[in-house]
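A structural walkthrough
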Amino acid sequence: MRAGIVVTVTRTDRRRLEAIVADRSAPQKHVWRAHIILATAEGCGTVEIMRRSGKSKPVVWRWQARFMAEGVDGLTRDHVVTVPAVSRVLVMGRWMGGC
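A brief look at the structure comes next. (Residues numbered from 1 in each chain as written. Predicted model: local features only at pLDDT ≥ 70, side-chain atom pairs only at ≥ 80, totals over all residues. Heavy atoms only, no water.)

**A word on the packing of aromatic side chains**
Scanning the model with the defined rule gives one aromatic pair in all. Taken together, a centroid distance of 6.4 Å and an interplanar angle of 80° make the contact between Trp-32 and Trp-63 edge-to-face. One end of the pair, Trp-32, is in helix 2 (residues 28-41); the other, Trp-63, is in helix 4 (residues 57-70), and 31 residues separate them in sequence. Taking relative accessible area as the criterion, Trp-63 reaches 6% and is therefore assigned buried. The lysine or arginine in question, Arg-33, covers the ring of Trp-32, its NZ or CZ lying 5.7 Å from the ring centre. Sitting over the ring of Trp-32, Lys-55 keeps its end group 4.3 Å from the ring centre. (Phe/Tyr/Trp six-rings, centres within 6.5 Å; stacked < 30°, edge-to-face > 60°. Helix = DSSP H or I, 4+ residues; strand = E, 2+ residues; numbered from the N terminus. Buried < 20%, exposed > 50% of the residue type's maximum accessible area, 1.4 Å probe, protein only. Lys NZ or Arg CZ within 6 Å of the ring centre and 35° of its normal.)

So, in structure tokens, the structure goes:
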């Protein structure tokens, strides 16, 4: 973790993270995100977390920051990108965009 930043994992959060890891039907992206936070809580450094998870430094930092901002719910929510109406080009030969 970057210097000066502390991730605090409560008992409740730890239980929820461990439940995600143990759930065989949980999406794998949620499982590795939970592993990142659990390793952070153990006191592992960024390099060790990268080695364990196989993820890059920016990915580790992103999910640590998301957890600090939003808790466990932030780890299971994916960023949704919406497509602006103007970018809808042609559908069945008709313009479906704005203007």
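**Re the environment of Ala-41**
Looking at where Ala-41 falls in the secondary structure, it is placed in helix 2. C-alpha of Ala-41 to C-alpha of Val-9: the two residues are 32 residues apart in sequence and 6.3 Å apart in space. With residues near it in sequence (within four places) discarded, Ala-41 still touches Val-9 and Arg-14. (Contact = heavy atoms within 4.5 Å.)

**Side note on the nonpolar core**
Ranked by size, the top nonpolar core spans 19 residues in total, and within it Val-9, Leu-17, Ile-20, Ile-37, Ile-49, Phe-67 and Leu-75 carry the most contacts. Not counting residues within four places of it along the chain, the set of residues in contact with Val-9 comprises Arg-14, Leu-17, Ile-37, Ala-41 and Phe-67. (Core = buried A, V, L, I, M, F, W, Y, C linked by side-chain atoms within 4.5 Å.)

**Focus on the packing of helix 1 (residues 11-22) against helix 2**
Where helix 1 contacts helix 2, the two axes come as close as 8 Å, and the packing angle between them is 140°. Judged by the inter-axis angle, helix 1 sits oblique to helix 2. As helix 1 packs across helix 2, the resulting crossing turns out to be left-handed. Between helix 1 and helix 2, the contacting residues are Arg-14, Leu-17, Glu-18, Ile-20 and Val-21 on the first element and His-30, Val-31, Ala-34, His-35, Ile-37, Leu-38 and Ala-41 on the second. Tallied by class, residues from the contact of helix 1 with helix 2 come to eight nonpolar, two polar and two charged. (Axes fitted to C-alpha atoms, helices over the stretch in contact; angles between N-to-C directions. Parallel < 35°, antiparallel > 145°, perpendicular 65-115°, else oblique. Left-handed = near helix turned anticlockwise from the far one by under 90°. Nonpolar A, V, L, I, M, F, W, Y, C, P; charged D, E, K, R; others polar.)

**Some points on the packing of helix 3 (residues 46-53) against helix 4**
Where helix 3 contacts helix 4, the two axes come as close as 9 Å, and the packing angle between them is 105°. If you check the angle between helix 3 and helix 4, you find them roughly perpendicular. Of helix 4, the residues touching helix 3 (which contributes Thr-46, Ile-49, Met-50 and Ser-53) are Lys-57, Val-60, Trp-61 and Gln-64. Of the residues assigned to the contact of helix 3 with helix 4, the class counts are four nonpolar, three polar and one charged.

**Thoughts on helix 2**
Given a rise of 1.5 Å per residue, 14 residues ought to cover 20 Å, and the 20 Å separating the end C-alpha atoms of helix 2 matches this to within 8%. Listed as buried for helix 2 are His-30, Val-31, Arg-33, Ala-34, Ile-36, Ile-37, Leu-38, Ala-39 and Thr-40. Residues of helix 2 that are buried in the fold lie against helix 1, helix 3, helix 4 and helix 5 (72-76). Taken from the residues just after helix 2, Gly-43 is the one with a positive phi, measuring 95°. (Expected span 1.5 Å × (residues − 1).)

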